[in-house]
Amino acid sequence: MGYKSWFEEHAAKHKKIVDKLLSQNYTKEQIVDYFDFDNMVKNENEFCPLYKDNKKCHDMDALNCYLCACPNFRFNDDGLEQIDDKTKYSFCDIDSKDGRAGVYGDKIHQDCSKCTVPHHKSYVLKNFNYDWTKIMKRCSL
Ligand code: SF4
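Quick notes on the rules
- Residues numbered from 1 in each chain as written.
- Predicted model: local features only at pLDDT ≥ 70, side-chain atom pairs only at ≥ 80, totals over all residues.
- Heavy atoms only, no water.
- Core = buried A, V, L, I, M, F, W, Y, C linked by side-chain atoms within 4.5 Å.
- Buried < 20%, exposed > 50% of the residue type's maximum accessible area, 1.4 Å probe, protein only.
- Helix = DSSP H or I, 4+ residues; strand = E, 2+ residues; numbered from the N terminus.
- Contact = heavy atoms within 4.5 Å.
- Expected span 1.5 Å × (residues − 1).
- Salt bridge = Lys/Arg side-chain N within 4 Å of Asp/Glu carboxyl O.

Focus: the nonpolar core
Ranked by internal contacts, the top residues of the largest apolar core, which has 29 residues, are I17, F35, M40, F47, Y51, Y66 and L67. Listing elements by their share of this core, those giving two or more residues are α1 (3-23), α2 (28-34), α3 (37-43), β1 (73-75), α4 (121-126) and α5 (132-135). When residues in this core are grouped by element, the largest group, five residues, is from α1. Among all residues touching Y51, those that are not within four sequence positions of it are F37, M40, V41, E44, N45 and C65.

Some details on α1
Since one α-helical turn is 3.6 residues long, residues separated by three or four positions face the same way. With 21 residues, α1 should reach 30 Å at 1.5 Å per residue; the first-to-last C-alpha distance of 30 Å fits that figure. In this fold, the buried residues of α1 make contact with α2, α3, β1 and α5. Backbone geometry just after α1 places N25 at a positive phi near 65°.

Brief notes about the pattern of salt bridges
With the rule as written, the count across this model stands at twelve salt bridges. As a salt-bridge pair, K20 and E44 come within 2.6 Å of each other at their nearest N and O atoms. Within this pair, whereas K20 is found in helix α1, its partner E44 is found in the loop between α3 and β1, the two being separated by 24 residues in sequence. Notably, a salt bridge pairs D85 with K86, separated by 3.6 Å at the nearest N-O pair. Taking relative accessible area as the criterion, D85 reaches 55% and is therefore assigned exposed. For K86, a relative accessible area of 23% gives the class partly exposed. Three or more residues joined by partner-sharing salt bridges are found here, namely E29, D33 and K121.

Okay, structure coming up:
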């Protein structure tokens, strides 16, 4: 699956959950809390493929899933840049010290596996919008 189709599918799943919570009069903070990993595994098991194995994408205690993937991620499925014989498809717009450019054969993809930036509740609240696509609007180039 390419980045774009993943984004579209994820946006639809995210919206469905937020709409459900809003219809139950959840506040902004209650919605963010609902997206805590432990609650999501229990109540929204289809949201992330890792949930069925109760597995976190990052090793951190309170992992919040509201801003998966990350507002700082930039991508283009057709490629962004040619570097020697390799094509770069994604990068981190803030050049996080915990991210890196991963080289996979002739492809370069941003590797966020060691970066927890978007998974902290404080970051989610600071960048919050009920509409996930609005927060992620700069991701697709
Ligand atoms: S490295 Fe961190 S801040 Fe950068 S795109 Fe990945 S998760 Fe986001």
